[in-house]
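So the chains spell out like this:
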Amino acid sequence: KIKEWVDLYLSHIDKITPEVHVREEEGYKFKAVDVFQQNFNLDALDFKAMLERAIGHNNLVAGTMYLPRRVLLKFAEGYEKDTREALKILFDESEGIAERINQTEKAFDTILTRWNKEKEDKMEHTFIGIRFLSLLSAFRYPDAHNAIKPREWKMFCKFIDDDFFIPPHTSSGEQYKK
C-alpha cells in the first residue's frame, strides 16, 4: 500500500519537476524550518518578539481556527519564564520525545490554569497539543522529528493496518510515539 502511494507521489513530482514541487507545493515547509532555525533562541531578551519571528506566518500555523501560536505568544508575554521552561522541556533531547511532549503539554496546561485565574477574558484551552508540539519539535530538529496532523495520521495508519487503534485517553506523547 505504501509503495503505491510513494509511486504516485514520485510520479507527480516527476511530472511537475522537483523544482516546482519545492517552490510551489512544499517549499513553505522548508522555509518555515529555516526561519525557525535562524530565529529561535531560548535566551532571547525579547522572548515574545523572537517567537513571533521564529514561528512565522504560513499555513502550518496560520488561520482563524489555528490558535496555538497566538496562545504561545500570549503566554510568552504574560508568563515568560514559565513559557521558556516549557519550551526548554520540549527541546531537551536527553529525554524521549513522548515524555517531552507530555511534560510540555502539562506545563502549558499549568500556565493556562494561572491565566484563567488571573484574566477576565479566560481561555478554556491552550490549543497547544500534539499537532503544535510536534510541529515545533520538527522545526527545531527536522532530521529527528516529524510534525503530524493527528486526524490525517490516524487515517493513514488505519489505511496501512486495518487493526490500528489508539485507545481513548492515550497521552499525546504516546500517540506521537505510535
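Remember, it's a predicted structure, so these values are computed and weren't measured experimentally.

Q: Requested: an account of the side chain of arginine 100, with residues and values cited.
A: Structurally, arginine 100 is set in helix 6 (residues 97-118). A distance of 3.3 Å separates a polar atom in the side chain of arginine 100 from the backbone oxygen of aspartate 92.

Q: Account for the packing of aromatic side chains, with residues named and values stated.
A: In this structure the tally under the stated criterion is 12 aromatic pairs. Taking the centre distance of 5.1 Å and the plane angle of 40° together, the rings of tryptophan 5 and phenylalanine 156 count as tilted. Pair noted here: tryptophan 5 is in helix 1 (residues 2-16) and phenylalanine 156 is in helix 8 (residues 150-160), with a separation of 151 residues, a long-range link. Ring pairs connect the aromatic residues Phe36, Phe40, Phe91, Phe139 and Tyr141, which therefore count as one cluster. Lying across the ring of tryptophan 115, lysine 119 places its NZ or CZ 5.1 Å from the centre.

Q: Can you lay out a negative patch on the surface for me, pointing to particular residues and giving the numbers?
A: On the surface, Asp92, Glu95, Glu99 and Glu174 cluster together to form a negatively charged patch. Position of glutamate 174 among the secondary structure elements: in helix 9 (residues 172-177). Taking relative accessible area as the criterion, glutamate 174 reaches 34% and is therefore assigned partly exposed.

Q: Can you explain the environment of glycine 96? Please cite residues and give values.
A: Structurally, glycine 96 can be placed in the loop between helix 5 (80-91) and helix 6. Its relative accessible area of 44% is what places glycine 96 among the partly exposed residues. Considering only alpha carbons, one finds glycine 96 and glycine 173, 77 residues apart in sequence, at a separation of 9.3 Å.

Q: Let's hear about a nonpolar patch on the surface: which residues, and what values?
A: Side chains of Ile2, Trp5, Val6, Leu8, Tyr9, Leu10, Phe156, Phe159 and Ile160 sit close together on the surface and give an oily, nonpolar patch of about 790 Å² of accessible area. Of all the elements in the fold, those that place two or more residues in the nonpolar patch are helix 1 and helix 8. Sort the elements by how many residues they give to the nonpolar patch and helix 1 lands first, with 6 residues. Along the chain, leucine 10 falls in helix 1.

Q: Explain helix 2 (residues 18-39) to me, using residue names and the numbers behind them.
A: Side chains of residues three or four places apart in an α-helix project in the same direction, reflecting 3.6 residues per turn. Between its terminal C-alpha atoms helix 2 stretches only 27 Å, short of the 32 Å expected from 22 residues at 1.5 Å a residue. Where helix 2 bends most, at glutamate 26, the angle is about 85°. Every buried residue of helix 2 is listed here: His21, Gly27, Ala32 and Phe36. In this structure, the buried residues of helix 2 make contact with helix 1, helix 3 (47-54), helix 5 and helix 7 (130-140).

Q: Outline unusual backbone geometry, supporting the account with residue identities and numerical values.
A: With phi around 85°, threonine 17 is a residue other than glycine that occupies positive phi space. Summarising the element assignment, threonine 17 is placed in the loop between helix 1 and helix 2. We classify threonine 17 as partly exposed; its relative accessible area is 31%.

The rules behind each value
- Residues numbered from 1 in each chain as written.
- Predicted model: local features only at pLDDT ≥ 70, side-chain atom pairs only at ≥ 80, totals over all residues.
- Heavy atoms only, no water.
- Helix = DSSP H or I, 4+ residues; strand = E, 2+ residues; numbered from the N terminus.
- Polar contact = N/O pair within 3.5 Å; in protein donor to acceptor, adjacent residues only side chain to side chain.
- Phe/Tyr/Trp six-rings, centres within 6.5 Å; stacked < 30°, edge-to-face > 60°.
- Lys NZ or Arg CZ within 6 Å of the ring centre and 35° of its normal.
- Patch = residues over 30% accessible without salt bridge, like charges linked within 9 Å, V, L, I, M, F, W, Y side chains within 5 Å.
- Areas by Shrake-Rupley, 256 points an atom, 1.4 Å probe, with all protein chains shown as cover.
- Salt bridge = Lys/Arg side-chain N within 4 Å of Asp/Glu carboxyl O.
- Lys, Arg positive; Asp, Glu negative; His and termini not counted.
- Charge placed at Lys NZ, Arg CZ, Asp CG, Glu CD.
- Buried < 20%, exposed > 50% of the residue type's maximum accessible area, 1.4 Å probe, protein only.
- Expected span 1.5 Å × (residues − 1).
- Bend = angle between axes of the 7 residues up to and from the residue.
- Contact = heavy atoms within 4.5 Å.

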